[in-house]
Amino acid sequence: MSSYFKYTGNELHFGLNPKSLSAWTKSYQGPAYIYDLAIIADRYSKMKSALKGVDLYYAMKANSNIEILKFLQKMGCKIDVVSLGEIERALQAGFAAKDIVFSGVGKTVKEISNAIDLSIHQINVESLAELVRICEIAKSKNKQVAIALRLNPNISIDTHPYIATGLHENKFGIELSVLEEIKKFLLQNRQHLSLKGISLHLGSQMLEFSGLREALQILKKVYLDLKLQYPELHRFDFGGGLGIHYESTDLKKEEFLLAEYAQVIHQELSPLGAELQSEPGRWLVAHAGLLMTEIQYLKPTPYKNFIIVDSGMNHLLRPALYEAYHQIYSTRENSDKPVNSYDVVGPICESADFFGKSRSLHETQAGEFLVIADTGAYGFSMANTYNLQSLPQEIVFDSRD
Ligand SMILES: Cc1ncc(COP(=O)(O)O)c(C=O)c1O
């Protein structure tokens, strides 16, 4: 069981200082994500101290809840966004424009134009075509734009193929073979484009760092080479991607992993003397959230026992999209009841609509509640209204209060 969950007196408790979930089951009005700010504070402090000297730009795509954003901003975090919607949300949460990095492969004219008007910290450029577009817009406004080149080093990491981003076949980043053309264009357009940094994001849910080290070694050389022609280059953004343990949360192991990650970063990048930036998402917020759902029906068949709940892939897409594993707990321990194997499924008209298959749970019944653990990242932010189901609610608390 994750250290953020424990049963006391038959009731499930959650949080950095675990609190009973019974108040929320009693006032239940439909599926709800519940987030503990104390966990986020703890994770942020741990990451900040491990990655000493690195500016953390939280990847908003992981969780864009406004209270979480305001909280991170107050802790001194900066922000990585991928759309105009996210830029607007960042400003609304109190982030200064100078603390915003704009990533993403498909930035529109409107989005770039707004980012330039705001004079954000940096636009991470993903292609030559995007660079040309940024330059044209900057020219029309008679401005110079701070950019970083997001490079694709063609390095694979051990993760699900849908969240690997640093390979030739991925749409992300600039191929190193295009760099000469990019350099030429930058030289011709210095008045409007200021090359401040290079950036990298190899993919998400990394639990091993040999690929990252290899990518950094390649890009360090590129950085030093570029710096000869572009003395204004002084930032190295190594992206996000640090993974967590979903299957059996071992927080000590995750801290070791963070230390190992920080060591790779420091060993490879400190000698550059560059300003270091990172874009963590999952590691900061995943453990801080759970999804609470009510059991509607038990459906035993000769082949399987189904538990049908009132939330599904519409609220948490990760199992359907990546076959991602999330631990599932009953809010009542019921340890006196026998254990059975269940498929926990939702109401959506798709066979991919499941939260877990063949899960061992104490016998339960309709009207009881389950929680899907570690859903603070890529949970609500990927939720949708498929089948015209409502979006889940979001509840934020601080287990230190
Ligand atoms: C460019 C970029 N930066 C940062 C992140 C955050 O990754 P993670 O949540 O794995 O830390 C992502 C996630 O896809 C990304 O695409």
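Our structure's up above, just so we're on the same page.
Described below are features of the structure shown in this document. Being a predicted model, the structure only gives us computed values, none of them experimental.

### Some words on the overall build of the protein
Then, in step 1: Helices and strands together make up the secondary structure of the protein, namely eleven helices and 20 strands.
Then, in step 2: For a compact globule of 401 residues, the expected C-alpha radius of gyration is about 21 Å, and the protein comes in at 23 Å, within 12% of that figure.
Then, in step 3: Structurally, the protein occupies a C-alpha span of about 75 × 45 × 40 Å along its principal axes.
Then, in step 4: Per-residue burial for the protein yields a buried fraction of 56% across its 401 residues.
Then, in step 5: Excluding contacts between residues fewer than 6 apart, the proportion of contacts in the protein whose partners are at least 24 apart in sequence is 71%.
Then, in step 6: Accessible surface computed for the protein: about 16600 Å², of which carbon and sulfur atoms make up 50%.
Then, in step 7: Separation between the mean location of the 41 positive side-chain charges and that of the 46 negative ones in the protein comes to 5 Å.

### With respect to the packing of helix α4 (residues 84–92) against helix α5 (residues 109–118)
Each pair of packed helices can be summarised by the angle the axes make with each other and by the distance between the axes.
Then, in step 1: At a minimum axis separation of 9 Å, α4 and α5 run at an interaxial angle of 30 degrees. As judged from the angle between their axes, α4 and α5 are roughly parallel. Residues Leu84, Ile87 and Leu91 of α4 pack against Lys110, Glu111, Asn114, Ala115 and Leu118 of α5.
Then, in step 2: Classifying every residue of the contact of α4 with α5 by side-chain character gives five nonpolar, one polar and two charged.

### Examining the sheet that holds strand β3 (residues 19–20)
Then, in step 1: Here we have three strands laid out as an open sheet, ordered β1-β2-β3, and antiparallel in their pairing. For this open sheet the edge positions go to β1 (5–8) and β3, each flanked by a neighbour on one side alone.
Then, in step 2: With two bridges connecting them, strand β2 (residues 11–14) and β3 associate as antiparallel partners. Bridge pairing in β3 places Phe14 opposite Lys19.

### Points about the site of the ligand
Then, in step 1: Lining the immediate environment of the ligand, one finds 13 residues, of which Ser204, Gly241, Glu279, Arg282 and Tyr378 sit closest.
Then, in step 2: With respect to the ligand, the backbone of Gly241 contributes an N or O atom lying 2.8 Å from an oxygen atom.
Then, in step 3: Within the side chain of Tyr378, a nitrogen or oxygen atom sits 2.5 Å from an oxygen atom of the ligand.
Then, in step 4: Expressed as a share of its isolated accessible area of 390 Å², the protein-covered part of the ligand is 90%.
Then, in step 5: A class-by-class count of the residues in the shell around the ligand yields three nonpolar, five polar and five charged.

### A word on the pairing of strand β9 (residues 145–152)
Then, in step 1: For β9, a buried count of eight out of eight residues is recorded, marking the element as mostly surrounded by other parts of the structure.
Then, in step 2: Of the two faces of β9, the one carrying Val145, Ile147, Leu149 and Leu151 and the one carrying Ala146, Ala148, Arg150 and Asn152 are both buried.
Then, in step 3: By the bridge criterion, three bridges tie strand β8 (residues 122–125) to β9 in an arrangement that is parallel. Within the sheet, the bridge partner assigned to Asn124 lies in β9 and is Ala148.
Then, in step 4: Handedness of the β8-helix α6 (residues 128–140)-β9 crossover: right-handed.
Then, in step 5: Of the strand pairs in this sheet, β9 and strand β11 (residues 193–199) are connected by six bridges, and their pairing is parallel. Within β11, the residue paired with Leu149 across the bridge is Ile198.

### Some points on unusual backbone geometry
Then, in step 1: Phi is positive for Asn10, close to 70 degrees, though the residue is something other than glycine.
Then, in step 2: Take Asn10: it is sitting in the loop between β1 and β2.
Then, in step 3: Even without a glycine there, the phi angle at Ser358 is positive, about 50 degrees.
Then, in step 4: As for its position among the elements, Ser358 is in strand β18 (residues 354–362).

### Some words on the pattern of salt bridges
Then, in step 1: Counting across every chain of the model gives 20 salt bridges.
Then, in step 2: Between Lys107 and Glu130 there is a salt bridge; the shortest N-O distance is 2.6 Å. Separated by 23 residues along the polypeptide, Lys107 in the loop between β7 (100–102) and α5 and Glu130 in helix α6 bring together distant segments of the chain.
Then, in step 3: Take Glu130: its relative accessible area is 6%, and that puts it in the buried class.

### A look at the packing of aromatic side chains
Then, in step 1: For the coordinates displayed, the defined rule picks out ten aromatic pairs.
Then, in step 2: With a centroid separation of 4.8 Å and 55 degrees between ring planes, the pair formed by Phe5 and Tyr329 is classed as tilted. Of this pair, Phe5 sits in strand β1 while Tyr329 sits in strand β16 (residues 328–330), placing them 324 residues apart in sequence. Of the two residues examined, Phe5 and Tyr329, each falls in the buried class.
Then, in step 3: Ring geometry for Phe238 against Tyr261: centres 6.2 Å apart, planes inclined by 65 degrees, an arrangement best described as edge-to-face. With Phe238 in the loop between β12 (235–237) and α9 (251–269) and Tyr261 in helix α9, this residue pair connects regions lying 23 residues apart in the sequence.
Then, in step 4: Residue classification places Phe238 among the buried positions, given a relative accessible area of 1%.

Conventions we followed
- Counting restarts for each chain, with residues numbered from 1 along the sequence as it is written.
- Where local features are concerned, this predicted model is filtered to residues with pLDDT of at least 70; where side-chain atom pairs are given and counted, the filter is 80 or more; whole-chain, interface and lining totals use all residues.
- Only hydrogens and water are removed before side-chain values are computed, so all heavy atoms of the structure are retained for them.
- The helix count covers DSSP runs of H or I at least four residues long, the strand count covers runs of E at least two residues long, and both are numbered beginning at the N terminus.
- As defined in this context, the radius of gyration uses C-alpha atoms, and a globule is described by 2.2 Å times the residue total to the power 0.38.
- Residue exposure (1.4 Å probe, protein chains only): buried if accessible area is under 20% of the type maximum, exposed if over 50%, otherwise partly exposed.
- For this analysis, residues touch if any pair of their heavy atoms sits within 4.5 Å.
- In these tables, accessible area is a Shrake-Rupley quantity obtained with a 1.4 Å probe, and a residue counts as shielded only by the protein chains included in the view.
- His residues and chain termini do not enter the charge count, which takes Lys and Arg as positive and Asp and Glu as negative.
- A charge is said to be at NZ when it belongs to Lys, at CZ for Arg, at CG for Asp and at CD for Glu.
- Every axis corresponds to a line fitted to the C-alpha atoms, with the helix fit spanning only the stretch in contact, and the corresponding angles, defined between N-to-C directions, vary from 0 to 180 degrees.
- Roughly parallel refers to an angle under 35 degrees, roughly antiparallel to one over 145, roughly perpendicular to one between 65 and 115, and oblique to any angle outside these ranges.
- Polar here means any residue outside two lists: the nonpolar Ala, Val, Leu, Ile, Met, Phe, Trp, Tyr, Cys and Pro, and the charged Asp, Glu, Lys and Arg; Gly therefore counts as polar.
- A pair of strands is treated as paired once DSSP finds two or more bridges between them.
- Put simply, a residue is near a molecule or strand once any heavy atom of it comes within 4 Å of that molecule or strand.
- Throughout this description, a polar contact denotes any pair of N or O atoms lying within 3.5 Å of each other; where both atoms belong to protein, one of them has to be capable of donating a hydrogen while the other can accept it, and for residues adjacent in sequence the pair is counted only when both atoms sit in side chains.
- Here, the term right-handed applies to a crossover whose path from the first strand over the helix to the second runs clockwise when the strands point away from the viewer.
- Any Lys or Arg side-chain nitrogen found within 4 Å of a carboxyl oxygen on Asp or Glu counts as a salt bridge.
- Two aromatic rings from Phe, Tyr or Trp, using only the six-membered ring of Trp, form a pair when their centres are within 6.5 Å; if the ring planes differ by under 30 degrees the pair is stacked, by over 60 it is edge-to-face, and anything between is tilted.

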